[in-house]
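Understanding the architecture of this molecule
Okay, here's what each chain looks like letter by letter:
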Amino acid sequence: MREWLRYVFAGRPAWMNVLMVFSAYMAFVYLPWDIFIKPAAVDEEVWFGVRFHGGWAKFLALFHWYVYAAAAYGFRHMKTWMWPWAAVYVGQVAFSMLVWPMLYAGGFLGFLLGLFAFVPFAFAALVLWNAKDSFEEESAPLRERYGEWALVTGASSGIGAEFARALARNGVSVVLVARREERLRELATELESRHGVETKLVVADLASAPDVARVAAAVDGLDLAILVNNAGAGYSGSFAKQDGERLRNMVLLNCAAPVQLTSLLLPGMLARTARSAVVVTGSVSGRQALPLHAVYSATKAFDLLFGEALAVELCNQGVDVVVLEPGSTVTEFQEQAGEIAHTGQPADEVVATALDALGRQHSVVAGWWNWLRANLGARLLPRSTVAYLARDVMKAQTPPEMR
Ligand SMILES: NC(=O)c1ccc[n+]([C@@H]2O[C@H](COP(=O)([O-])OP(=O)(O)OC[C@H]3O[C@@H](n4cnc5c(N)ncnc54)[C@H](OP(=O)(O)O)[C@@H]3O)[C@@H](O)[C@H]2O)c1
């Protein structure tokens, strides 16, 4: 519990932690009560010093809800957009505090009361305005933070290839792992010529335990700082129509391979004096049961819980762990999984989200819409309801003969 509190409250000054807790209280306790339970007849909201009642108050409270939810999230993750918006919002509150008593109490007394309420909020706005640097704290480049070598599985396309590019941009040399050798060679040439880093290729089928062991052996002697367990595959369709051997291979690739590879490489990472990092590519599919992708979503739930548990086990041992949870992403995944093509996020954006969260969060969802789905839908609704809703979404992405 103490470690969890340290994890939540680390990285920002005490006064900002107070604002974060207050924002979370407003977002999760006060405003839901204010909006859904408090009778409209007695409801009141104040914006820019003007009082609103009844239906207007209920409507405007939605904006307050949005502001406090954003503030709680923004303080929690020290998002750069908090500057200047946090200061501007508190400035608006200070202005309201000054104007409100003047409008409704009037006279010199109103002015005095307003001034009295204005000062603390104006002070808070000023402090937030001056805190620009806290929200802009840029992480050091990955090579400085972790070290010289990374290993990326599934580097021959999609998210894995983008991980390799992002790491190379940070000056990190990369071991590229996948089955398609030609693709790996092309990427290696690109990384070496554009970023001047070293590369090493390991052609391996990660659904095979001896191949995974061979990958680990191939990096023996390298000072491996970052392990990206990204290779994975999907298989769209109803379980009854799916091929059992392909499903079994998917479980081996998505679940057994990251466990085996991490287990083989972690001792070397723990022995390093510098920090190390492990990334696991999960999926928002792992947040709920996903009919027509039943085994895939189960493998991604495995990845999420495996990575999140490792993150807590290793946080005080010099290893940062983050699970990346992408939603639909534009890669070869849909075609490979046999899905009907649909839109998605660019893979480089998804990778940037993961690397930004590394060392700050234990898991991260890519994209705000995916975040809402993963957190609101899956947390607020009964799991069976979410599974039925998910089936309807998956139906539209599954070829009729596989439904
Ligand atoms: N794209 C999405 O919408 C999406 C959404 C959520 C999560 N994800 C996850 O993101 C990760 C990367 O997928 P992606 O979207 O980038 O798909 P992708 O473009 O199909 O890439 C998959 C990568 O995994 C490698 N791979 C597949 N089977 C392998 C095997 N048996 N042994 C070794 N490597 C293997 C592939 O290389 P070879 O074929 O050359 O071996 C390829 O490099 C996966 O874990 C996936 O579950 C994707």
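Computed from a prediction, not measured in an experiment: that's the story for all the values here.

Next up on the list: the domain arrangement of the protein chain. Splitting the protein chain by domain gives domain 1 (2–135) and domain 2 (142–402). Using C-alpha coordinates to define each centre, domain 1 is positioned 39 Å away from domain 2. The interface of domain 1 with domain 2 comprises 5 residues on the first partner and 7 residues on the second. The largest contributions to the domain 1 side of the interface with domain 2 come from Glu-3, Tyr-7 and His-77, which together make up 68% of the buried area. Between the two partners, domain 1 and domain 2, sit 1 salt bridge. For Lys-79, the salt bridge identified is with Asp-356, shortest N-O distance 4.0 Å.

Before going further, it helps to examine the pairing of strand β3 (residues 149–153). The buried count for β3 comes to 5 of 5 residues, which makes it a mostly enclosed element. Where burial is concerned, the two faces of β3 agree: the one with Trp-149, Leu-151 and Thr-153 and the one with Ala-150 and Val-152 are both buried. Two strands pair when backbone bridges link them, and β3 and strand β4 (residues 173–178) are joined in this way by 5 bridges, in the parallel orientation. Of the residues in β4, the one forming a bridge with Leu-151 is Val-175. Where the polypeptide runs from β3 across helix α8 (residues 158–169) and back to β4, its parallel neighbour, the crossover connection is right-handed. Judged from the 4 bridges that link them, β3 and strand β6 (residues 224–229) form a sheet pairing that is parallel. Residue pairing for β6: Ala-150 is matched across the bridge by Ile-226.

The next subject is the pattern of salt bridges. Under the definition given, this model contains 17 salt bridges. For the salt bridge of Glu-325 with Arg-287, the shortest nitrogen-to-oxygen distance reads 2.6 Å. One end of the pair, Glu-325, is in strand β8 (residues 319–325); the other, Arg-287, is in the loop between β7 (276–281) and α12 (294–314), with 38 residues separating them in the sequence. Glu-325 gets classed as buried once you look at its relative accessible area, which sits at 0%. Each of the salt bridges in this network shares a partner with another, and the network as a whole consists of Asp-34, Lys-38, Asp-43 and Lys-58.

In this structure, Gly-49 sits in the loop between β1 (44–47) and β2 (50–53). Residue class for Gly-49 comes out buried when judged on its relative accessible area of 0%. When the C-alpha positions of Gly-49 and Ala-341 are compared, they lie 51 Å apart, and in sequence the two are 292 residues distant. With sequence-adjacent residues up to four places away left out, Gly-49 is seen in contact with Ser-96, Val-99, Trp-100, Leu-103 and Tyr-104.

Moving on: the sheet that holds β4. Pairing between sheet strands relies on hydrogen bonds along the backbone, with the strands arranged either parallel or antiparallel. One open sheet holds the 7 strands; their spatial order is β5-β4-β3-β6-β7-β8-β11, and the pairing between them is parallel. Of all strands in the sheet, those with a lone pairing partner are β5 (199–203) and β11 (363–365), marking the two edges. On average, each strand axis in the sheet is inclined to that of its neighbour by 15 degrees, with strand direction left out of account. Against the sheet, α8 touches β3, β4, β6, β7 and β8, its axis set at about 170 degrees to β3. Where α12 meets the sheet, it contacts β7, β8 and β11, and its direction lies at approximately 155 degrees from that of β8.

What counts, and where the lines are drawn
- Residues numbered from 1 in each chain as written.
- Predicted model: local features only at pLDDT ≥ 70, side-chain atom pairs only at ≥ 80, totals over all residues.
- Heavy atoms only, no water.
- Domains from an automatic or database assignment.
- Contact = heavy atoms within 4.5 Å.
- Buried area = accessible area lost by both parts, 1.4 Å probe.
- Salt bridge = Lys/Arg side-chain N within 4 Å of Asp/Glu carboxyl O.
- Buried < 20%, exposed > 50% of the residue type's maximum accessible area, 1.4 Å probe, protein only.
- Helix = DSSP H or I, 4+ residues; strand = E, 2+ residues; numbered from the N terminus.
- Pairing = 2+ DSSP bridges.
- Right-handed = clockwise from strand over helix to strand, strands pointing away.
- Axes fitted to C-alpha atoms, helices over the stretch in contact; angles between N-to-C directions.

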